[in-house]
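In case you want the letters, here they are:
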Amino acid sequence: MINFYHVTKRFDRYSTALHDLTFQIDKGEFVFLTGPSGAGKSTLLKLILRQITPTEGQVVVNGRNLNTMKHSLLPYFRREIGMVFQDFKLIERMTVFENLSFILTVLNVPPKEHKRKAYAALRAVDLHHKLNAYPLQLSGGEQQRVAIARALINDPLVLVADEPTGNLDPDMSRDIIRIFADANLRGSTVLLATHDRELIRESGRRVITLEHGRISEEKMQIAERAAPRSEHVFGMAQ
Amino acid sequence: MINFYHVTKRFDRYSTALHDLTFQIDKGEFVFLTGPSGAGKSTLLKLILRQITPTEGQVVVNGRNLNTMKHSLLPYFRREIGMVFQDFKLIERMTVFENLSFILTVLNVPPKEHKRKAYAALRAVDLHHKLNAYPLQLSGGEQQRVAIARALINDPLVLVADEPTGNLDPDMSRDIIRIFADANLRGSTVLLATHDRELIRESGRRVITLEHGRISEEKMQIAERAAPRSEHVFGMAQ
Amino acid sequence: MARDFNTQGRHEPNVPSNTLTYFFKEALRRIWTAKRTSFVAVTMISISLCVLGSFLLLSENLQRAVEQWQGRSRVTVYLSAEVTNDELKGVNAFLAAHPDLSSRHFVGRDEALQRFTTYFTNLAEVTGNLEENPFPPSWEIEVRPEIAQTRAFDAEMDDLRKVPGVDQVQLDWEWTRRLRHIIDLLNVIGIAAGGVLAIAAAFTIANVIRLTMMLYHEEIEIMRLVGATERMIRGPFFIEGVLQGTIGGCVAVAILAAGFFAGQKTLAPSSSLLWGFLFGSFLPWQKILVLILGGTAAGWFGSWLSVHERAEE
Amino acid sequence: MARDFNTQGRHEPNVPSNTLTYFFKEALRRIWTAKRTSFVAVTMISISLCVLGSFLLLSENLQRAVEQWQGRSRVTVYLSAEVTNDELKGVNAFLAAHPDLSSRHFVGRDEALQRFTTYFTNLAEVTGNLEENPFPPSWEIEVRPEIAQTRAFDAEMDDLRKVPGVDQVQLDWEWTRRLRHIIDLLNVIGIAAGGVLAIAAAFTIANVIRLTMMLYHEEIEIMRLVGATERMIRGPFFIEGVLQGTIGGCVAVAILAAGFFAGQKTLAPSSSLLWGFLFGSFLPWQKILVLILGGTAAGWFGSWLSVHERAEE
Ligand SMILES: Nc1ncnc2c1ncn2[C@@H]1O[C@H](COP(=O)(O)OP(=O)(O)OP(=O)(O)O)[C@@H](O)[C@H]1O
Ligand SMILES: Nc1ncnc2c1ncn2[C@@H]1O[C@H](COP(=O)(O)OP(=O)(O)OP(=O)(O)O)[C@@H](O)[C@H]1O
Ligand SMILES: [Mg+2]
Ligand SMILES: [Mg+2]
């Protein structure tokens, strides 16, 4: 589903964000991407969405070689990918509902289904009461959850999330991971960049660790069950 | 140093972000603020910086009642506070150095000291090599660290940080907390909002927990030493 | 949940019937959300069009005023003092054959003498002494100056000079030439000012929309990232620009009309000839349409320019 | 580390000597960083000023042209046919005492007769028959029309009529009135167009800067949050606006000069009177200065307006 062949990304002469990266993520996999700040996680995810192009090497996603893909097909390719951006990228001038409705319009979902789908997606991230708020009226974590709802709203083929729990408390984080796991069960391939070692430890999934733009470790994490730490725990950990 | 007397903040008729909050933080204290997403942490910190004003109640910071403070004194008041914003708030059109230099200009630090001070502050967050990058050329964690460097740059009286480690790996996070602790030792009063229970657990500091806009718990955390989890561990935990 | 976007997503779908609705709804929502920016854009467009429109209005009325003045351009045909009746008929026939010269007035010997004595009262004794009326009869002909300036007319006059009985043909050249200069001047002013203003208006609108696009830069970027086609992104901008332009055009016409009719009411009754000229009549509906459609076109062009430019980055 | 900002921070410090340097450096940096926005702003300002400047240039040259035409306004003083030498001296003394009437020409009896015969060749037989020259002498006086229109001048003429030996005073009213109308028209056009353009220019600049400020909205917000005073925030914007305005003014003058001298070179030699008039002389340095300073003022005003507005939110 996602293949990197000897991918190098240099932004300028001094820094190489990614260094000769080769790996493969199969259809239906759920993979964590981790590594210290500045290791190149976001850069890797941006390559998948073709926000940027590699300096060297090939990126193949959903059977498409992104280096050779025609520019006019880019929007259709991107519709197959649900992305949670590290900085959320919500449209400030639109309310939460309008943000979701816009995506549904893009995905050619008939307008009469928008309300239902948006409500369901927000319900999943526990934000259905903020349907008509503007992003700037939301807390950091709430914005992040809108971004997650947007990425998940129509079961994308590939689900890519950059630090989707950075602004969430551990209970909510675990809940979000459970949502990603559900999407994964419904068929989405999931790639999830995170710093949260606890989440990775509890998940029992494959982990790719980046360091200075290189893969330093690739392994299967054996799931550890976390003990509930407060009365708010629900979701996976129960 | 920071006193809240029966503070209520309502944004609209439907939601009350903070509910009759009363607490005091003394000079030289180091306090954690925690609570689930949307609990009101950022709202509380915004009240301290007088980004917003309370609907009811009084906020007193550094001996100044923010409700009655003259508008013209606001800039001088704000210069005494070092704030790390949840969304960083770096000036996009300025390089990292220019961002820091701007603050130093605001603080009336002579221009010839700018280079030295900026370098020292960036060095502390391990970003001295990104002096001339623009914020958009930095990774999420790097931007966050610039925001931290900016808040710390001239030893403010009060140091307020909103989720300062949300985009950082655990090792880096611990390092950042150590920097805050150092600033605290040099005399700054520190208030730090975070979701990271591990950081709080390791710190042995006073914790204020918010839930739905009310203080649900206030206690001293007994420090637990965390076992190093990777070769990157340094700072407080050692 | 059906993976419904998946098959559709792979190929460019036909524009769904609701796309245009979406464009319009979205454009209206944006104009409303960004009231301030919209206000600025509409203001700029209507200012530009107001300036253009005032100029149109001025030239419209000036044109008419100038035509009235020009109406006084005259040719005087002095017949010889001893002109015979046959010759008179020949001259009449010549004049009748030329429709340009239809507005004419015959000045008989007596009228000529009388005029002379009225003009030169101090010469009354001279004329009083005359035994015989020495003044020849003449034709005074009003010629529209746009005709008077043509070579064909010159040729015609030369023919007229050769008609028997015609002594002299005096063209009111001096006055005509002056008027001619004034008209030329006004035309040059008109073309120069109109041209400069039209260019300025186009630039202004394009720049405003370009700035507006800069404001929306992030938003557009986000739309691209979530898979919106250029058409989906640009559509609302186009409609927005077109709507703003059209509204700006309408506002401009409204302002002009208000100013014009207010001026007509307060200034025209004081009825110096000048104000009468300037507030003669409002723009004809064709020019009103041109102004409004000018706004529409400007909005369209501005959107096109800026959206296009952005897409190239 | 010294807590050095702390004591300083509590009271408004005097502007440090390097603040203005900071403003200028920061303003230049911004203009450079946001090249595109700056370009737009400068373009808009120079367009506005170009339009204004073309108008100034036009009116400058028109004014001169009109003055030349007006120079022909004339008063004819017919003396009585039997005027005595003493009376002649009295008239001369009267005229000499009035500086308005200094540009005068005496037409003696013989010259008058000669003119008459030249003008009315077909009356040659009449004049040829005269035993005595019946034409009175006269003074032809060129009067500057701005004087001719005053009441004082009317009174003067009435006095002149009472001077012994003066038969008639003929004012060239018809021609003067026409010119008067044309000048009035041009003035009205001038005031209207100039006013509309000036307002349009001011609005344009304010709006551009307002849009620019919207672009910088976040940045300004951040600056406020970290404790920058309004002065620190606005300073660079003011300087930026002023610099942009001044540059815009200079560009406008440069464009005007280029256009003017190009026109003078290519069109003036074809030397129709019109082009000669229009490309007579460039703006005097005072007006050039006015244009450039107009740009500066516009930039200043625009910055002031938008910064001020923002601060109120
Ligand atoms: N400007 C605003 N207008 C309306 N509601 C707001 C506004 N700002 C915050 N809120 C609401 O107030 C509540 C508290 O927000 P706040 O940002 O303080 O939460 P938080 O504790 O910082 O959460 P997080 O951990 O997600 O950042 C939220 O429900 C939020 O939606
Ligand atoms: N547009 C850019 N121009 C120049 N350098 C860049 C750009 N984007 C990223 N970089 C650099 O590339 C490196 C990797 O960045 P990236 O955003 O991928 O890190 P990351 O792993 O996502 O870090 P974080 O966990 O802090 O988000 C960083 O050193 C960053 O400064
Ligand atoms: Mg990242
Ligand atoms: Mg928050």
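Thresholds applied
- Residues numbered from 1 in each chain as written.
- Chains lettered and ligands numbered in written order.
- Predicted model: local features only at pLDDT ≥ 70, side-chain atom pairs only at ≥ 80, totals over all residues.
- Heavy atoms only, no water.
- Donors = N, O, S within 2.8 Å, 3.2 Å for Na, K, Ca; no water.
- Helix = DSSP H or I, 4+ residues; strand = E, 2+ residues; numbered from the N terminus.
- Buried < 20%, exposed > 50% of the residue type's maximum accessible area, 1.4 Å probe, protein only.
- Axes fitted to C-alpha atoms, helices over the stretch in contact; angles between N-to-C directions.
- Left-handed = near helix turned anticlockwise from the far one by under 90°.
- Contact = heavy atoms within 4.5 Å.
- Nonpolar A, V, L, I, M, F, W, Y, C, P; charged D, E, K, R; others polar.
- Near = heavy atom within 4 Å.
- Polar contact = N/O pair within 3.5 Å; in protein donor to acceptor, adjacent residues only side chain to side chain.
- Areas by Shrake-Rupley, 256 points an atom, 1.4 Å probe, with all protein chains shown as cover.
- Parallel < 35°, antiparallel > 145°, perpendicular 65-115°, else oblique.
- 1 Å grid on protein atoms, 1.4 Å probe; cavity = no way out; pocket = protein on both sides within 12 Å on 5 of 7 lines; lining within 4 Å.
- Points joined across faces, edges and corners; volume = space filled by probe spheres on them.
- Lys, Arg positive; Asp, Glu negative; His and termini not counted.
- Salt bridge = Lys/Arg side-chain N within 4 Å of Asp/Glu carboxyl O.
- Phe/Tyr/Trp six-rings, centres within 6.5 Å; stacked < 30°, edge-to-face > 60°.
- Lys NZ or Arg CZ within 6 Å of the ring centre and 35° of its normal.
- Pairing = 2+ DSSP bridges.

## Quick word on the coordination of the magnesium ion (ligand 4)
Residues and elements named next belong to chain B. For the magnesium ion (ligand 4), every protein donor is listed as S42 (OG) and Q86 (OE1), and the spread of their distances is 1.8 to 2.2 Å. In this pair, S42 is assigned in helix 1 (residues 41–48) and Q86 in the loop between strand 6 (81–84) and helix 3 (96–106), connecting sequence segments 44 residues apart. You can call S42 buried: its relative accessible area is 14%. Of the residues examined, Q86 reaches a relative accessible area of 17% and is grouped as buried.

## Some details on the packing of helix 3 of chain B against helix 4 (residues 114–124) of chain B
All names here are of chain B. Put simply, helix 3 and helix 4 touch, their axes get as near as 10 Å, and they point 120 degrees apart. Once helix 3 is placed against helix 4, the crossing between them reads as right-handed. Side by side, helix 3 and helix 4 meet where V96, F97, L100, S101, L104 and T105 of the first sit next to H114, K115, K117, A118 and L122 of the second. Partitioned by chemical class, the residues of the contact of helix 3 with helix 4 number six nonpolar, three polar and two charged.

## Digging into the site of ligand 2
In the vicinity of ligand 2 lie 20 residues, with A:S42, A:T43, B:S139, B:G141 and B:E142 positioned nearest. Near ligand 2, residues from chains A and B are present, making the site a shared one. For ligand 2, an oxygen atom lies 2.9 Å from a polar atom in the side chain of A:S37. In this structure, B:G140 approaches ligand 2 through a main-chain N or O atom, which is 3.3 Å from an oxygen atom. When ligand 2 is considered free in solution it has 630 Å² of accessible area, and contact with the protein chains removes 91% of it. Broken down by secondary-structure element, the contributors of at least two residues to the shell around ligand 2 are helix 1 (41–48) of chain A together with helix 5 (140–152) of chain B. In terms of residue class, the shell around ligand 2 is built from four nonpolar, 12 polar and four charged.

## Some details on the packing of helix 3 of chain B against helix 5 of chain B
All names here are of chain B. Between helix 3 and helix 5, the shortest axis-to-axis distance is 9 Å and the interhelical angle comes to 25 degrees. One finds that helix 3 runs roughly parallel with respect to helix 5. Seen from above, helix 3 lies across helix 5 with right-handed handedness. Within the contact between the two elements, helix 3 uses V96, N99, L100 and I103 and helix 5 uses V146, A149 and R150. Grouping the constituent residues of the contact of helix 3 with helix 5 by class yields five nonpolar, one polar and one charged.

## With respect to empty space enclosed by the protein
A full pass over the atoms with the stated rule returns 15 cavities of 30 Å³ or more. The space that makes up the largest cavity amounts to roughly 480 Å³. Forming the boundary of the largest cavity are 34 residues, of which A:H195, A:D196, A:R197, B:H195 and B:D196 lie nearest the centre. Among the secondary structure elements, those contributing two or more residues to the lining of the largest cavity are helix 6 (170–185) and helix 7 (197–203) of chain A together with helix 6 (170–185) and helix 7 (197–203) of chain B. Considering only residue class, the lining of the largest cavity consists of six nonpolar, 10 polar and 18 charged.

## Side note on unusual backbone geometry
A positive phi angle, close to 50 degrees, is found at A:N62, a residue other than glycine. If you trace the backbone, A:N62 turns up in the loop between strand 4 (56–61) and strand 5 (64–65).

## Some thoughts on the side chain of A:D169
Structurally, the position occupied by A:D169 is in the loop between strand 7 (158–162) and helix 6. For A:D169, which is buried and forms no salt bridge, the nearest opposite charge comes from B:R197, at a distance of 4.8 Å. A distance of 3.0 Å separates the side chain of A:D169 from the backbone nitrogen of B:S37, its partner in a polar contact. Beyond its immediate sequence surroundings of up to four residues, A:D169 is in contact with B:G35, B:P36, B:S37 and B:H195.

## What to know about the environment of B:P75
For B:P75, the position within the fold is in helix 2 (residues 74–78). Classification of B:P75 as buried rests on a relative accessible area of 12%. A sequence separation of 68 residues divides B:P75 from B:V7, and the C-alpha atoms of the two residues are 23 Å apart. Filtering out sequence-adjacent residues up to four positions away, B:P75 remains in contact with D:G227, D:A228 and D:T229.

## Regarding the packing of aromatic side chains
A full pass over the atoms with the stated rule returns 14 aromatic pairs over all chains. Note on A:F4 and A:F23: the rings are 4.7 Å apart at their centroids and 15 degrees apart in plane angle, and the pair reads as stacked. Placement of A:F4 in strand 1 (residues 2–10) and of A:F23 in strand 2 (residues 16–25) is noted, with a sequence separation of 19 residues between them. Judged by its relative accessible area of 6%, A:F23 falls in the buried class. Sitting over the face of the ring of D:Y216, B:R93 holds its NZ or CZ atom 3.9 Å from the ring centroid. Note that C:R104 overlies the ring of C:W139, its terminal NZ or CZ placed 5.4 Å from the centroid.

## So, the sheet that holds strand 6 of chain B
Strands pair in a sheet through their backbones, by hydrogen bonds, and they do so in one of two ways: parallel or antiparallel. All names here are of chain B. Strands sit in the order 6-7-8-3-9-10 across an open sheet of six strands; the sheet is mixed. The open sheet has two edge strands, strand 6 and strand 10 (214–220), and neither has a second partner. Each strand axis lies, on average, 15 degrees off the axis of its neighbour in the sheet, ignoring direction. Of the strand pairs in this sheet, strand 9 (residues 206–211) and strand 10 are connected by six bridges, and their pairing is antiparallel. For E211, the partnering residue across the bridge sits in strand 10 and is R214.

That's the geometry; what it means functionally is another story.
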